[in-house]
Amino acid sequence: MDQESSTRESATGQDPLLLLKTLQTLWTKRELQKLREVARQGFATLEDPFSGLLDMLESYKGWKGKGHSLEYYITNELARWLKEHPRDPQAVILSTKLKLQPDLDVEKMCTPLLLQDKANLVEDYVADYPHLQSQLLQIMDTWCHPTFNTRDIARQYQNVPPSRADKLNQKMLSKLVFRLLGQYNLDPALCPNVMNQRHLGTLRYLFYKRFVEKSMTQENWEDHIQNMVGENVWLQEQLIQLLISYCDAATAAQWALSYHLPSESLPAKVAEKMHELQHQERVEVTKERTYDSKMDKKNDHYYQLPIARENIHFLQTWEEVDKCREVVLQPGQVVGIDMEWRPPFGLVGRPRVSVLQIATKEHVYLLDLLQFSKLDQEEKEKELCHFIWKLFSDPSIIKLGYGMSGDLCSLSTTYPALREMEKQVQGILDLLQVDKQLQKNSGLWKKHHTLVESLCPEPSSVTKSPRQAEKGLSLLVQNLLGKPLDKTEQLSNWEKRPLREEQILYAASDAYCLLEVYEVLCKDPAHFGLTANLKESLGGKQSTKPRAKKTLGKQGTPSPSKQVLTSAGDTLSASAFPEISAKDFSVVCDTMLQGLARYLRCLGVDVRVLENTDDHRQAAEIARKEGRIILTSGLPYQKLQAQVGEGRCFSVNCSDKAKQQALSVLKHFNVRVTLSDIFSRCQVCNCDKYLKISKEKMKHLMKISGYLSGEDDAGCPKNPEEDWELCPKAETPALSETITEQLPSCAYNPNCHWLADSDLNAGSLTLKNGTTLQIRTVPLGVLEKTDLSHFYCCTQCGKVFWEGSHFGRVVSQFQEILDGSEPQIQSFYELS
């Protein structure tokens, strides 16, 4: 009988309370050596040694964890046992609760968790121990060396599933290390491998901006390259490789010569060119400037400041600031405000504002905050902060901005004394929100834009250079004033002194153009679909209610003129959210929620999704700058919530399916979805503007592009698999016919107008904004659908769509939240 009991106990695990009684008996007899042995053996026989130990400790009242007591001996033996069994996640959880981390090997404890994608437990484990944080990041950095194979680590931990271990790649590790460096406020020099990879990514981005997108001047590009590479030999060698790819061997040789790189470390062609340079009679060692004359030559394609150069003041002394204060702090004043800071290429933490621009009707003041921070005059700095605080809190002064909340957040990083200012700002008009309202009034907006183009025609003597489609403030300025902003100085180094003339003019233009935009809108707000005078709407008393609520409310209100800045620290409960339409609801989704993002976007929500390479903190920056709600899950929620405040960040249950996540978000924020919202946005790029193309026009475009031959047109072989490629095969035409018969008046009708000849360059199949029409993505069989009369083309990415079954499926899936919908499938819509 005893043998059977022993066998059963071994199979099910020993009862921790029985083990505790045995240990108590040995403790009473003071048989300490045997007590240690029995305790260690007991841990091995417990089914769950960690919860078992907690049961034992909790059942013992008066436990303090130290001194000569039974609990003390049990805990000591646990610590020894943990060193021998570090691979179980519960070991880390228990060690964290009992604060045993200093006595354990951080690498052995944390590596199994990283292999199992449990970084949240690792962060908890080292949270209160700075020296362990440094050790952990140094260990992870060694894994990020280009020659290191993470599979070598996984082989040491056989109990970790291979599928989990495969997730431990260098890309994921680099993102984690970079985030923890900022979270723990540690010196990036601790992680040279991660920083090298981050800088290499930045180098590639700079090459793309300069040589592919051509949106950066050579001078700005060289400045960033030199600051990024510095004396780092490995980065210098990577730079040479990129120069060979994007330029030529001669240009690479000039850079190699300036860095004194040994010829044996260079490719043969570069070494040969460098040898030629060294033997020239007169060599001026400067990097070849491959200026793009079309880009660098200033012409009247861009917005030009209407004030004289002498009225732009670059302030670097306290006396100059005093004069600026007298002009700016006048009741009834309207000022445009913008800020510039160094692009955070490869940097940890939020950048500090270098230049604060304040524009009045006759002057633009550029405050050199970088210079003031170096003067180290505490009293004067307090006066400067007082001036800024008074400006932003005075309701009688209208402050114009574009994405003002992001600027204020950077300003509070620069001057901690201004952190509470954001809660007291008054008289703010964020033209970003007005811009969103204008985009909704597309008919009036297009009519006005056509009028502006007729009044501001392109000079016939100037050939317009190809460039990226305008966006943001530049697009708003183009639509209202006729010409876009020149943004080539946007990514320049704003911490380098002296500033170049081009930088000064760019900074002044960014602030002053806000005044002209505001003036155009105020002259005739009804012309733009705005219902109230912008200036008068700001004259009312500011609400003392949480601004987060006001921000959401403003998206649903008819007048964008009442929109004010949102405080990052305000709280908003779910019940306090006013109803908001799907087209007015804007969010930014973490990379883990791409399925949710697709569902929300197909319901008409304005959705931005972080790239896989983006850091979580970028969501907070986007949310502040664009007034979006953050949707995230898991550990990032707490960190992001702290940066934007409650009510501006929503934690999504990652165990739910994407459809259920979407329903939860829509209900939580009280979002109203109608049939007209479904597929009102492009599923690829999020744009909400389409062009409508007849089937005959589509066939014609296919023919002239060579995609459709005469034989194809005579009888396109229909491939049913192409026609229903994104739909379950059970849902096919029979269902479509039934619904069409029941609801013949319900049809998909996005925001669009018919494609005109003037909208398209038929030879290159490009729209006026440079977007290429992606007609080759349309299966030929679709052209033979008798019930299909037209197509839709996204104006931003060129993707082509047509009616199919997707529309009906979405209606069916979201019947419970659709406003005024019938409990049946309404129509069909299919993506190409």
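Definitions and cut-offs
Residues numbered from 1 in each chain as written. Predicted model: local features only at pLDDT ≥ 70, side-chain atom pairs only at ≥ 80, totals over all residues. Heavy atoms only, no water. Helix = DSSP H or I, 4+ residues; strand = E, 2+ residues; numbered from the N terminus. Buried < 20%, exposed > 50% of the residue type's maximum accessible area, 1.4 Å probe, protein only. Areas by Shrake-Rupley, 256 points an atom, 1.4 Å probe, with all protein chains shown as cover. Salt bridge = Lys/Arg side-chain N within 4 Å of Asp/Glu carboxyl O. Pairing = 2+ DSSP bridges. Axes fitted to C-alpha atoms, helices over the stretch in contact; angles between N-to-C directions. Contact = heavy atoms within 4.5 Å. Parallel < 35°, antiparallel > 145°, perpendicular 65-115°, else oblique. Nonpolar A, V, L, I, M, F, W, Y, C, P; charged D, E, K, R; others polar. Polar contact = N/O pair within 3.5 Å; in protein donor to acceptor, adjacent residues only side chain to side chain. Left-handed = near helix turned anticlockwise from the far one by under 90°. Phe/Tyr/Trp six-rings, centres within 6.5 Å; stacked < 30°, edge-to-face > 60°. Lys NZ or Arg CZ within 6 Å of the ring centre and 35° of its normal. Core = buried A, V, L, I, M, F, W, Y, C linked by side-chain atoms within 4.5 Å. Expected span 1.5 Å × (residues − 1). Right-handed = clockwise from strand over helix to strand, strands pointing away.

A.B. asks: I'm lost on the overall build of the protein chain in this one. Help?
C.D. replies: Within the protein chain, the secondary structure is distributed over 37 helices and 19 strands. Out of the 832 residues belonging to the protein chain, those deemed buried represent 50%. For the protein chain, the accessible surface area stands at approximately 39,400 Å², while carbon and sulfur atoms represent 49% of it.

A.B. asks: Even after reading the chapter, I still don't get the pattern of salt bridges, so can you show me in this structure?
C.D. replies: Any two side chains of opposite charge can pair, on the condition that their charged atoms come close. Under the defined criterion, the tally for this structure stands at 23 salt bridges. The partner of R179 in a salt bridge is E123, with the nearest N and O atoms 2.8 Å apart. Linking R179 in helix α12 (residues 170-184) with E123 in helix α8 (residues 119-126), this pair joins segments that are 56 residues apart in sequence. The same class applies to R179 as to E123, namely buried. Salt-bridge contacts for R681 lead to D688; the nearest nitrogen and oxygen are separated by 4.0 Å. Residue R681 is classed as buried on the basis of its relative accessible area, which comes to 8%. Through salt bridges that share partners, E219, E489, R500 and E502 make up one connected network.

A.B. asks: Would you explain the sheet that holds strand β11 (residues 649-651) in this entry?
C.D. replies: Strand pairing within a sheet occurs via backbone hydrogen bonds; the two strands may be parallel or antiparallel. In spatial order, the strands read β9-β8-β10-β11; together these four strands make up an open sheet with parallel pairing. On the outer flanks of this sheet lie β9 (606-609) and β11, each paired with one strand and no other. Adjacent strand axes in the sheet meet at a mean angle of 25 degrees, parallel and antiparallel pairs treated alike. Bridging between strand β10 (residues 629-632) and β11 involves three bridges; their strand directions are parallel. Within β11, the residue paired with I630 across the bridge is C649. Across the sheet, helix α31 (residues 636-644) is in contact with β10 and β11; its angle to β11 comes to roughly 165 degrees.

A.B. asks: Sorry if this is basic, but what is going on with the packing of α12 against helix α13 (residues 192-212) here?
C.D. replies: For any two helices packed against each other, the geometry comes down to the angle between their axes and how far apart the axes lie. Look at α12 against α13: their axes get within 10 Å of each other, and the N-to-C directions meet at 105 degrees. It follows from the interaxial angle that α12 and α13 lie roughly perpendicular. The residues of α13 that touch α12, namely those facing S174, V177, F178 and L181, are V194, M195 and R198. For the contact of α12 with α13, a count of residues per class yields five nonpolar, one polar and one charged.

A.B. asks: It is not clear to me how the environment of F178 should be interpreted in this structure. Could you clarify?
C.D. replies: Position of F178 among the secondary structure elements: in helix α12. Measuring from C-alpha to C-alpha, the distance between F178 and M195 comes to 8.0 Å, with 17 residues separating the pair along the chain.

A.B. asks: Just to check I follow, could you spell out the environment of T674 for this structure?
C.D. replies: Looking at where T674 falls in the secondary structure, it is placed in the loop between β12 (671-672) and β13 (690-694). Residue T674 is classed as buried on the basis of its relative accessible area, which comes to 18%. Through-space distance from the C-alpha of T674 to that of I817 is 8.6 Å; in sequence the pair is 143 residues apart. At 2.9 Å, the side chain of T674 and the side chain of S676 are in polar contact.

A.B. asks: What should I look at first to understand the packing of helix α16 (residues 249-258) against helix α17 (residues 268-278) in this one?
C.D. replies: One can describe the packing of α16 onto α17 by two numbers: an axis separation of 8 Å at closest approach and a directional angle of 65 degrees. Comparing their axes, α17 and α16 come out roughly perpendicular. Both α16 and α17 take part in a crossing whose hand is right-handed. Taken together, the residues of α17 that come into contact with α16 (itself represented by A249, A250, A252, A253, Q254, A256 and L257) are K269, V270, K273, M274, L277 and Q278. Residues that form the contact of α16 with α17 fall into these classes: nine nonpolar, two polar and two charged.

A.B. asks: Any chance you could explain the packing of aromatic side chains here in plain terms?
C.D. replies: Considering all chains together, one arrives at 13 aromatic pairs under this definition. With a centroid separation of 6.0 Å and an interplanar angle of 35 degrees, the aromatic rings of W494 and Y506 are classed as tilted. Of this pair, W494 sits in the loop between α25 (472-481) and α26 (501-523) while Y506 sits in helix α26, and the two are twelve residues apart along the sequence. According to the relative accessible area criterion, Y506 is buried, its value standing at 5%. Among the aromatic residues, those joined into a ring-pair cluster are F207, F211, W221, Y246, W255 and Y259. A cation over an aromatic ring shows up here: R198 above the ring of F178, its NZ or CZ 3.6 Å from the ring centre. The lysine or arginine in question, R210, covers the ring of F211, its NZ or CZ lying 5.9 Å from the ring centre.

A.B. asks: Looking at this structure, how should I read the sheet that holds strand β3 (residues 353-359)?
C.D. replies: The six strands are arranged β1-β4-β3-β2-β5-β6 in an open sheet whose pairing can be described as mixed. Taken across any chain shown, the strands that pair with only one partner, and hence form the sheet edges, are β1 (312-315) and β6 (428-430). On average, adjacent strands in this sheet sit at an angle of 25 degrees to one another, irrespective of strand direction. Running over the sheet, helix α21 (residues 378-393) touches β2 (334-341), β3, β4 (364-368), β5 (398-401) and β6 and is turned about 130 degrees from β2. Strand contacts of helix α22 (residues 404-414): β2, β3, β5 and β6, with the helix running at about 60 degrees to β2, the strand carrying the most contacts.

A.B. asks: Even after reading the chapter, I still don't get the pairing of β4, so can you show me in this structure?
C.D. replies: Along any regular strand, the residues point their side chains to alternate faces of the sheet. Across the five residues of β4, five count as buried, placing the element largely inside the fold. Burial along β4 is two-sided: V364, L366 and D368 and Y365 and L367, pointing in opposite directions, are all buried. When β1 meets β4, the two strands line up parallel, connected through four bridges. Paired with F314 across the strands is L366, a residue of β4. By the bridge criterion, five bridges tie β3 to β4 in an arrangement that is antiparallel. Bridge assignment links Q357 to a residue of β4, and that residue is L366.

A.B. asks: Looking at this structure, how should I read helix α32 (residues 658-668)?
C.D. replies: Residues spaced three or four apart along an α-helix point in a common direction, a consequence of the helix completing one turn every 3.6 residues. Every buried residue of α32 is listed here: Q661, A662, L663, V665 and L666. As for α32, its buried residues are in contact with α29 (594-602), β10, β11 and β12. One or two residues past the end of α32 sits N670, with phi positive at roughly 60 degrees.

A.B. asks: Would you mind going over the nonpolar core with me for this structure?
C.D. replies: Generally speaking, a soluble globular protein has its nonpolar side chains buried in company with each other. Membership of the largest hydrophobic core comes to 39 residues, with the highest contact counts inside it found for L400, L431, L473, L476, Y512 and L521. Of all the secondary-structure elements, those providing two or more residues to this core are β3, β4, β5, α23 (431-440), α25 and α26. With 13 residues, α26 is the largest single contributor of residues to this core. Those residues in contact with L431 that lie beyond four places of it in its chain are G401, Y402, L476, L514, V517 and L521. M109, L114, L186 and V194 belong to the second largest nonpolar core, which has 37 residues in total.

A.B. asks: Before we go on, may I ask you to explain helix α14 (residues 218-229) in this structure?
C.D. replies: Under the 1.5 Å per step criterion, the end-to-end length of α14 is 16 Å for twelve residues, consistent within 8% with the ideal 16 Å. With nine of twelve residues buried, α14 lies mostly within the body of the structure. Among the residues of α14, those classed as buried are Q218, N220, W221, E222, D223, H224, I225, M228 and V229. Where α14 is buried, its residues contact α13, α15 (233-246) and α16. Phi turns positive, to about 55 degrees, at G230, one or two residues after α14.

A.B. asks: So what exactly am I meant to see when it comes to the side chain of K692 here?
C.D. replies: You can see K692 is positioned in strand β13. Excluding its chain neighbours within four sequence positions, the residues that come into contact with K692 are C752, H753, W754, L755, H790, F791 and Y792.

A.B. asks: In this structure, what is going on with the pairing of β9? I would like to understand it.
C.D. replies: Looking at chain direction, strand β8 (residues 586-589) and β9 are connected through four bridges and run parallel. Note that in β9 the partner of V588 across the bridge is R608. As for the winding sense of the linkage, the β-α-β connection from β8 through α29 to β9 is right-handed.

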